[in-house]
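Descriptive analysis of the structure
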Amino acid sequence: MKPFELLDAVALPIEQANVDTDQVLPARYLQKPRANDFGQFLFRDLRFLKDGSEEPSFILNREPYRASRVVVAARNFGCGSSREHAVWALYDYGVRAVIAPSFGDIFFANSLKNGLLPIVLPEDVVADLLKVLVAAPGSRIGVDLAQQVVTAPDGTRHAFHIDPFPKHCLLEGLDELDYTLSQMDRIIRFERLYDVVMPAMP
Amino acid sequence: MIIKNVPQTLLEKIWNQHCIMERDDGQVLLFIDKHMVQDGSAPAFEMLRRRGIAPRAPHRTFSTPDHYVPTDSRDMASITDPEKRAMADALVNDSARAGITCFGIDDPRQGILHVTGPEQGLTWPGTVLVCGDSHTSTHGALGALAFGIGATEVSQVLAAQALWQRKPKTMRITVDGALGAGVTAKDIILAVIAKISAAGANGHVIEYAGSAIRALSMEGRLTVCNMSIEAGARAGMVAPDDVTFEYLAGRPYAPKGAEWDKALARWRELPTDAGAEFDREVFLDARDIAPMVTWGNSPENAVPITGRVPDPAQASGAEQRAAMERTLDYMGLVPGMPMTEVTIDQVFIGSCTNGRIEDLRAAAAIVEGRKIAETVDAWVVPGSGLVKAQAEAEGLDRIFQAAGFQWRYAGCSMCLGTNGDQVPAGKRCASTTNRNFVGRQGPGSRTHLLSPVMAAAAAVTGRLTDVRQILDGAR
């Protein structure tokens, strides 16, 4: 995982609530190996027509939104299927942060493990951001993970929460598993006691 | 271990019993009892291989292919897409290499993981169970903490048999009263999601309680917990009781002999203590719940079958109005149209939500002696090989086939169409599955979620139908 860097980028507004991971990455690409560029499948059925040409009305196909590296979305973004490919699609396209009032829990966890920062901001703040991004296409949003601050296009700063450990992993580009494996003695000790107390499997 | 003097919820008891250690930021390393692995898990095994790590606890891990298996035969060679075939093959090979028990395509126990797991007695009360599939919430019906995870977390569980988690909030949904005729577990959960919304339980684990939940069979509880994720919940659960214990007793992977007695003593301690507090409480009256059906592209878009397609003009804001108009356009529906006037092209009975034997029995009882409408293509896809065998032993296959249904082999099939079983673009499917998302059953597909008896009624009439009318007619 690459370290998370300071962001100051064009932001894409997604006004629709409950954008599910089937929309972000349709199921028919789930069998593709990770080596693929999943950015080409991002919002595939919204972005492209049946013949493979671009759907001109879809916002990501319009300048200056094409260069978006931040997504601002309505509530419950990434709900539904646990497919991590949805995160890969956003990441491979170049998106590094998604701001929403709430997320699908599994999408949220998957994002943190792949260098994509999910940021929860209050519903009214997100609603205001969406208005600005629609009214002034190409507006930029800043994300400073170290300071835990989002900077709106008008310069307003919004603090956000992130647990210290995933923050550390994102900033340093670390894999959580290394830390987990360093605790293996404790896991094994726990399991030994656990197996004594718990009924045995046949 | 269980602290006696402070009243605790079922979730808190399980959580505390599985806490290996707590990190400075409050996240807990949670011990994982059981790990279910399906045929979409190749990326997770690949992540481990790249790091040179072998799965640590194969005896706690079970696999079966469900997403990519064909349902018209058991011939893996019929998977013509090389990448899909590779996914299905990878599960067999990765399982064999790691020493993981795999119920392969030729094994009668093969099926959808969330059908096979409880059926084999793999899901125990009080345990933590995970799987790289969002509908893992299903297993909570037995009083387990069961939740879906992504590929990276699958690789972490394979490597460590433990997972970092922040303790979820708790929500109790109490459903009291008796369900009316023709109203099922599926209608309860659709009514719940319509009430609290698709984001209503984000960050929460739901405990379902109340007399209507207690009165459900284990299979009904599995249906309710299955769709907890559709309300945004991390997991759903039902406190274990005699229904749970009778369901589990004697199943192949349930505890045996003295271990069973030991288990039972522990499991009886699990239900939420009187006085334990939940972060949120929700109440529903079972008598208010009608057979439900969805009209839109989110499971929260559920209405009673006696209802109508909503009117975007009555939406609360401009964006909501625009979203509803887009949805009605995609779904090909007209505002104000009675739901019972919606004609359908396809019926799908199956999935981890409603692919169990009781679901098939209930649907067959509606279908028996009737024919499906000529315009309808109707399928039954049992949730597992054993469900299929049981149904055949009871003659349900003949009832369905005599009515004009296709009777197929077990798998996820048309719920998400990854194996190629898809609803054609523009066609409308009455489906016992869990998601009506845009393109979920295939690009351009239109899905109406409903119960098995409602799906059977729709198959017979060719339109969305109040199953109670068929029940009344038969009386």
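Values in this document were obtained by computation on a predicted structure and should not be read as measured data.

This part covers the overall build of chain A. Broken down by element type, chain A carries eight helices and seven strands. A principal-axis box enclosing the C-alpha atoms of chain A has dimensions of 65 × 40 × 30 Å. In chain A, which comprises 202 residues, the share counted as buried stands at 57%. For chain A, contacts bridging at least 24 residues in sequence account for 64% of all contacts bridging at least 6. When the accessible area of chain A is evaluated, it comes to approximately 8500 Å², of which 53% is carbon and sulfur surface.

Two quantities define a packed helix pair, namely the angle between the helix axes and the distance between the axes. Residues and elements named next belong to chain B. At a minimum axis separation of 9 Å, helix H2 (residues 42–51) and helix H3 (residues 82–98) run at an interaxial angle of 45°. Considering the angle they form, H2 stands oblique to H3. Once H2 is placed against H3, the crossing between them reads as left-handed. Taking contact as the criterion, the partners of Ala-42, Pro-43, Phe-45 and Arg-49 in H2 are, on H3, Met-87, Ala-90, Asp-94 and Arg-97. Among the residues making up the contact of H2 with H3, the classes are represented as five nonpolar, no polar and three charged.

What follows concerns the packing of aromatic side chains. Enumeration over the complete set of coordinates arrives at 19 aromatic pairs over all chains. Their ring planes at 55° and their centres at 6.4 Å tell us that Phe-103 of chain B and Tyr-253 of chain B sit as a pair that is tilted. One end of the pair, Phe-103 of chain B, is in the loop between strand E5 (101–102) and helix H4 (113–119); the other, Tyr-253 of chain B, is in the loop between helix H9 (242–248) and helix H10 (258–267), with 150 residues separating them in the sequence. Phe-103 of chain B sits in the buried class, given a relative accessible area of 1%. Assessed through its relative accessible area of 17%, Tyr-253 of chain B is described here as buried. Here a set of aromatic residues connected by ring pairs shows up, and it is made of Tyr-29, Phe-38, Phe-41 and Trp-88 of chain A. Positioned above the aromatic ring of Tyr-91 of chain A is the side chain of Arg-96 of chain A, whose terminal nitrogen or guanidinium carbon lies 3.7 Å from the ring centre. Lying over the aromatic face of Trp-124 of chain B, Lys-34 of chain B brings its terminal NZ or CZ to 4.2 Å of the ring centre.

With 57 residues of chain A in contact, the opposing surface of chain B contributes 71 residues. Together, Gln-31, Pro-199 and Met-201 of chain A form the three largest contributors to the area buried by chain A at its contact with chain B, with a combined 12%. Applying the counting rule to chain A against chain B returns 11 salt bridges. A salt bridge links Arg-440 of chain B to Asp-22 of chain A; the nearest nitrogen and oxygen atoms lie 3.1 Å apart. There are 31 residue pairs in polar contact (both at pLDDT 80 or more) connecting chain A and chain B. Listed by contribution, the elements that provide at least two residues to the side of chain A that touches chain B are helix H1 (21–24), helix H4 (105–112), helix H6 (164–172), helix H7 (176–182) and helix H8 (184–197) of chain A. The element contributing the most residues to the side of chain A that touches chain B is H8 of chain A, with 10 residues. Its residues assigned to classes, the side of chain A that touches chain B shows 25 nonpolar, 14 polar and 18 charged.

The subject of this paragraph is the pattern of salt bridges. Should their charged atoms come close, side chains of opposite charge can pair. For the structure shown, the criterion picks out 39 salt bridges over all chains. A salt bridge links Lys-113 of chain A to Glu-176 of chain A; the nearest nitrogen and oxygen atoms lie 3.5 Å apart. Of this pair, Lys-113 of chain A sits in the loop between H4 and strand E4 (117–120) while Glu-176 of chain A sits in helix H7, placing them 63 residues apart in sequence. For the residue pair Lys-113 of chain A and Glu-176 of chain A, the accessibility class agrees, reading buried in each case. Residue Arg-166 of chain B pairs with Asp-163 of chain A through a salt bridge whose shortest N-O separation is 2.8 Å. Here Asp-163 of chain A lies in the loop between strand E7 (157–159) and H6 and Arg-166 of chain B lies in the loop between strand E8 (162–165) and strand E9 (169–176), a pairing that spans two chains. Owing to a relative accessible area of 39%, Arg-166 of chain B belongs among the partly exposed residues under this scheme.

Take the sheet that holds strand E6 (residues 149–151) of chain A next. Residue and element names in this part refer to chain A. If you trace the seven strands from one edge of the open sheet to the other, you get E4-E3-E2-E1-E5-E6-E7, paired in mixed fashion. Sheet topology places E4 and E7 at the edges, where each strand pairs with a single neighbour. When strand polarity is set aside, the average angle formed by the axes of neighbouring strands in this sheet is 30°.

Looking now at the state of the cysteines. Residue and element names in this part refer to chain B. On inspection of all chains with the given rule, the structure shows zero disulfides over all chains. Cys-352 provides the cysteine sulfur closest to Cys-225, a residue in no disulfide bond, and the two sulfurs are 12 Å apart. There is no disulfide at Cys-415, and the cysteine sulfur nearest it, in Cys-352, is 6.0 Å away.

Here we take up the side chain of Asn-419 of chain B. Residue and element names in this part refer to chain B. Inspection of the secondary structure puts Asn-419 in the loop between strand E17 (406–407) and strand E18 (428–431). Of note is the side chain of Asn-419, whose polar atom sits 2.9 Å from the backbone nitrogen of Asp-421. The residues touching Asn-419, leaving out its near neighbours within four places in the chain, are His-67, Tyr-68, Val-69, Pro-70, Thr-71 and Ser-413.

So, on to the sheet that holds strand E1 (residues 19–22) of chain B. All names here are of chain B. Taken in spatial order, the three strands of this open sheet run E1-E2-E8, and their pairing is antiparallel. A strand with exactly one partner marks an edge of an open sheet, and here the two such strands are E1 and E8. Mean inter-strand twist for the sheet, computed between neighbouring axes without regard to direction, equals 25°. As paired strands, strand E2 (residues 28–31) and E8 are joined by four bridges and run antiparallel to one another.

Bringing H2 of chain B into the picture now. What H2 of chain B keeps buried is the set Ala-42, Pro-43, Ala-44, Phe-45, Met-47 and Leu-48 of chain B. The inward-facing, buried residues of H2 of chain B contact helix H3 (85–93) of chain A together with strand E3 (34–37), H3 and helix H5 (151–160) of chain B. Gly-52 of chain B occupies a position one or two residues after H2 of chain B and carries a positive phi of about 70°.

Take the environment of Arg-321 of chain B next. Residue and element names in this part refer to chain B. Note on placement: Arg-321 falls in helix H11 (residues 318–331). Residue classification places Arg-321 among the partly exposed residues on the basis of a relative accessible area of 32%. A sequence separation of 10 residues divides Arg-321 from Asp-311, and the C-alpha atoms of the two residues are 8.8 Å apart. Look past the residues within four positions of Arg-321 in its chain and what remains in contact with it is Pro-312, Ala-313 and Ala-315.

Cis rather than trans, the peptide bond between Glu-63 of chain A and Pro-64 of chain A has omega equal to 0°. Tracing the sequence through the fold places Pro-64 of chain A in the loop between helix H2 (44–47) and strand E2 (70–73). Its identity as a non-glycine residue notwithstanding, Ser-197 of chain B has a phi of 85°, on the positive side. Look at Ser-197 of chain B and you get buried, because its relative accessible area is 18%. One non-glycine residue, Ser-413 of chain B, adopts positive backbone phi at about 50°. Tracing the backbone through its elements, the reader meets Ser-413 of chain B in the loop between E17 and E18.

The rules behind each value
Position numbers for residues start from 1 in each chain and track the written sequence from start to end. The lettering of chains begins at A and the numbering of ligands begins at 1, in the order of writing. Only residues with pLDDT of at least 70 get local features here, since the model is predicted, and only at 80 or more are side-chain atom pairs given and counted; chain-wide, interface and lining totals rely on the full set of residues. Note that the side-chain values use all heavy atoms of the structure and ignore hydrogens as well as water. The helix count covers DSSP runs of H or I at least four residues long, the strand count covers runs of E at least two residues long, and both are numbered beginning at the N terminus. Burial here depends on accessible area, computed with a 1.4 Å probe over protein chains only, as a share of the maximum for the residue type. Under 20% is buried, over 50% is exposed, and the range in between is partly exposed. Residue contacts follow a heavy-atom distance rule, with two residues in contact if any of their heavy atoms lie within 4.5 Å. The protein chains shown are the only cover counted for residues, whose accessible areas, like all others here, come from Shrake-Rupley with a 1.4 Å probe. In this analysis, axes come from line fits to C-alpha atoms, helices being fitted only over the stretch in contact, and the angle between any two N-to-C directions falls in the range 0 to 180 degrees. Roughly parallel means an angle under 35 degrees; roughly antiparallel, over 145; roughly perpendicular, 65 to 115; everything else is oblique. A clockwise turn of the near helix away from the far one marks a right-handed crossing, whereas an anticlockwise turn of less than a right angle marks a left-handed crossing. By the convention adopted, Pro, Cys, Tyr, Trp, Phe, Met, Ile, Leu, Val and Ala count as nonpolar, Lys, Arg, Asp and Glu as charged, and the other residues, Gly among them, as polar. In this analysis, rings of Phe, Tyr and Trp, with Trp reduced to its six-membered ring, are considered paired at centre separations within 6.5 Å, and the interplanar angle assigns stacked below 30 degrees, edge-to-face beyond 60, and tilted for intermediate values. Note on criteria: charge over ring means Lys NZ or Arg CZ within 6 Å of the ring centre, with the direction from the centre no more than 35 degrees off the ring normal. The term buried area means the drop in 1.4 Å probe accessible area that two parts suffer when joined, counted for both and summed. Any Lys or Arg side-chain nitrogen found within 4 Å of a carboxyl oxygen on Asp or Glu counts as a salt bridge. N or O atoms within 3.5 Å of each other form a polar contact, as long as, within protein, one can give a hydrogen and the other can take it, and as long as residues adjacent in sequence are counted only when both atoms are side-chain atoms. Should DSSP find at least two bridges between two strands, the strands are taken to pair. In plain terms, two cysteine sulfur atoms within 2.5 Å form what is called a disulfide here.

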